[in-house]
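# Analysis of the macromolecular model
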Amino acid sequence: MLDRLQSLADRYDKLSELLCDPDVANDPKKLREYSKEQSDLQESYTAYMEYKSVMEQLEQAKVMQNEKLDDEMREMVKMEIDELVENKTRLEEQIKILMLPKDPNDDKNVIVEIRGAAGGDEAALFAADLYRMYTRYADTQGWRVEVLDTNLNDLGGFKEVIFMITGKGAYSKMKYESGAHRVQRIPVTESGGRIHTSTSTVGVMPEVEDFDIEIKESDIRVDTFCSSGAGGQSVNTTKSAVRVTHVPTGIVATCQDGKSQNSNKEKALQVLRARINDKFLQEEQAKYADERKSKVGTGDRSERIRTYNFPQSRVTDHRIGLTLHRLETVLNGDLEEIVSALTVAAQADQLDDKGE
């Protein structure tokens, strides 16, 4: 591991030289490429430099410990060694995590699909709550949210909402949200005051660029139709809504939120590329062939990753057994504790797989 870290440090230093080279500075493509590579190495490089410093100090302290010292000085040296050993252990654990293989999609923007599932209107209302939760979480992260398509019910809930989150590290944190989310509460449609259980499903896919997934014009069919729902005078008067079908796979994406047909087509193509990429990834990784089904599920009440219990003000993530009794703050976008716990659990699984 130390050899790998030294190679990493050498590359980081080389990149620093390259970024000062006038030829690179005048080449936007190389400048962007080298800057990103160095940024990706920054955290590991900093940890390794700190580790080397701690090891040097520890060696010096141990040499001093063998010298003739009075009792007070000997105690001070011992305290310093104890502190340095503690820092060494902390940094070793940090470096183990940093050296784990990175998900190549972690820095990508994401396309999120939320659908009301089991529970009818109440499930659609809960889908709207989840959408609000993610938009508020995105605000705390400095991310931008753009709605790509919506399908509202009569109560203002979402039968379906598709949106893009743009920002550094969006996929690295949002990827854990894929699955069936269960809510337990008294619905606004319930006159008898009984608690109901409903579910909405969340699907998170990394954004795919044009050059990642090439879609031939000859392979797609574009249909236009009048948009429905909120949208002002243009609703049901112009064929601005777009449905794009990828004929070879049968995958379909629609968008009707914008007033411009061209804008809606581009947004639909973004969703289409992400869905096609998701399909190909699953086919390439045969051992994970059922991953999307197990992550997103059918929306049945038994297929859940998280429960939001209103009577107990409780949120439970069933994958890691984490329970928080602050439902309101979570639904207001305070997801960081849950996301961090899921990230740590995933890293621990990686370390177990490596035999660490």
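Residues numbered from 1 in each chain as written. Predicted model: local features only at pLDDT ≥ 70, side-chain atom pairs only at ≥ 80, totals over all residues. Heavy atoms only, no water.

Rule in force here: UniProt positions are given in the numbering used here, feature names are shortened, and annotations may be inferred rather than shown by experiment.
As recorded by an unreviewed UniProt entry, the protein carries the name Peptide chain release factor 1 and is attributed to Paenibacillus contaminans. Recorded in UniProt under Function (unreviewed entry), the annotation for the protein is "Peptide chain release factor 1 directs the termination of translation in response to the peptide chain termination codons UAG and UAA." In its Sequence similarities (unreviewed entry) section, UniProt records this for the protein: "Belongs to the prokaryotic/mitochondrial release factor family."

### Topic: the side chain of T316
We count it as follows: Strands here are runs of E lasting at least two residues and helices are runs of H or I lasting at least four, both read from the DSSP assignment and numbered beginning at the N terminus. Whether a residue is buried, partly exposed or exposed follows from its accessible area with a 1.4 Å probe, protein chains only, as a fraction of its type maximum: under 20%, in between, or over 50%, in that order. Pairing of N or O atoms within 3.5 Å defines a polar contact, subject to two protein rules: one partner must be a possible hydrogen donor and the other a possible acceptor, and residues neighboring in sequence count only if both atoms are side-chain atoms. Contact definition: two residues touch when any of their heavy atoms are within 4.5 Å.
Mapped onto the elements of the fold, T316 is located in strand 10 (residues 314-317). Exposure remark for T316: the relative accessible area of 9% places this residue in the buried category. Within the structure, the side chain of T316 is placed 3.0 Å from the side chain of T323, a separation counted as a polar contact. If sequence neighbours within four positions are ignored, T316 has contacts with I305, R306, T307, L322 and T323.

### A closer look at the sheet that holds strand 8 (residues 251-255)
Test applied: When DSSP finds at least two bridges between two strands, those strands are taken to pair. Lines fitted to the C-alpha atoms define the axes, with helices restricted to the stretch that makes contact. Angles between their N-to-C directions range from 0 to 180 degrees.
If you walk across this open sheet you meet the three strands as 6-7-8, and the pairing is antiparallel. One side of each edge strand has no neighbouring strand; the edge strands of this open sheet are strand 6 (220-225) and strand 8. Strand-to-strand twist of the sheet, defined as the mean angle between neighbouring strand axes without regard to direction, takes the value 15°. In this structure, strand 6 lies alongside strand 7 (residues 241-246), joined through six bridges in antiparallel fashion. Across the sheet, V222 pairs through a bridge with V244, a residue of strand 7.

### Observations concerning the pairing of strand 7
The buried fraction of strand 7 is high, at five of six residues. Connecting strand 7 to the antiparallel partner strand 8 that follows it, the hairpin turn spans four residues, and G250 within it adopts a positive phi of roughly 80°.

### Describing the environment of D103
Locating D103 in the fold gives a position in the loop between helix 4 (71-98) and strand 1 (110-116). Residue classification places D103 among the partly exposed positions, given a relative accessible area of 25%. Leave out the neighbours within four places in its chain, and D103 touches Y171 and K175.

### Description of the UniProt feature "coiled-coil region" (unreviewed entry) in the protein
The positions that UniProt labels "coiled-coil region" (unreviewed entry) are, in the present scheme, residues 55-94. Helix makes up 88% of residues 55-94 and strand 0%, with an end-to-end C-alpha separation of 15 Å.

### A few points about the packing of helix 1 (residues 2-19) against helix 3 (residues 28-65)
Geometrically, a packed helix pair is captured by the angle between its two axes and the distance between the axes. To keep it simple, the criterion reads: Between 65 and 115 degrees an angle is taken as roughly perpendicular, under 35 as roughly parallel, over 145 as roughly antiparallel, and anywhere else as oblique. Note: crossing handedness is left-handed where the near helix turns anticlockwise from the far helix by less than a right angle, and right-handed where it turns clockwise. Only Asp, Glu, Lys and Arg are considered charged, only Ala, Val, Leu, Ile, Met, Phe, Trp, Tyr, Cys and Pro nonpolar, and every remaining residue, Gly among them, polar.
Where helix 1 meets helix 3, the closest approach of the two axes is 8 Å, and the angle between their N-to-C directions is 135°. Judged by the angle between their axes, helix 1 and helix 3 are oblique. Crossing handedness for the pair helix 1 and helix 3: left-handed. Tallied by class, residues from the contact of helix 1 with helix 3 come to 15 nonpolar, six polar and four charged.

### Brief notes about the nonpolar core
Threshold: To form a nonpolar core, buried Ala, Val, Leu, Ile, Met, Phe, Trp, Tyr and Cys residues must be joined to one another through side-chain atoms within 4.5 Å.
Of all hydrophobic cores here, the largest spans 35 residues; its most connected members are V112, I114, Y134, I165, M174 and Y308. Secondary-structure elements contributing two or more residues to this core are strand 1, helix 5 (121-141), strand 3 (158-166), helix 6 (170-174), strand 5 (196-206), strand 11 (322-324), helix 9 (327-331) and helix 10 (336-354). With nine residues, the single largest contributor to this core is helix 5. What M174 contacts, discounting residues up to four positions off in sequence, is V110, V112, Y134, Y137, W143, I165 and V204. Core analysis: the second largest hydrophobic core is formed by 23 residues, L8, L15, V24 and Y34 among them.

### Comments concerning unusual backbone geometry
The phi dihedral of S313 falls on the positive side, at around 50°, and the residue is not glycine. One can find S313 in the loop between strand 9 (306-309) and strand 10.

### Examining helix 4
What counts is decided by this rule: The length a helix should cover is 1.5 Å for every residue beyond the first.
Counted at 1.5 Å a residue, the expected span for helix 4 with its 28 residues is 40 Å, and the 40 Å between its end C-alpha atoms agrees. Where helix 4 is concerned, the buried positions are V77, I81, L84, L91, I95 and L98. In this structure, the buried residues of helix 4 make contact with helix 1 and helix 3. Sitting at the head of helix 4, D70 places a side-chain oxygen 3.2 Å from the backbone nitrogen of E72.

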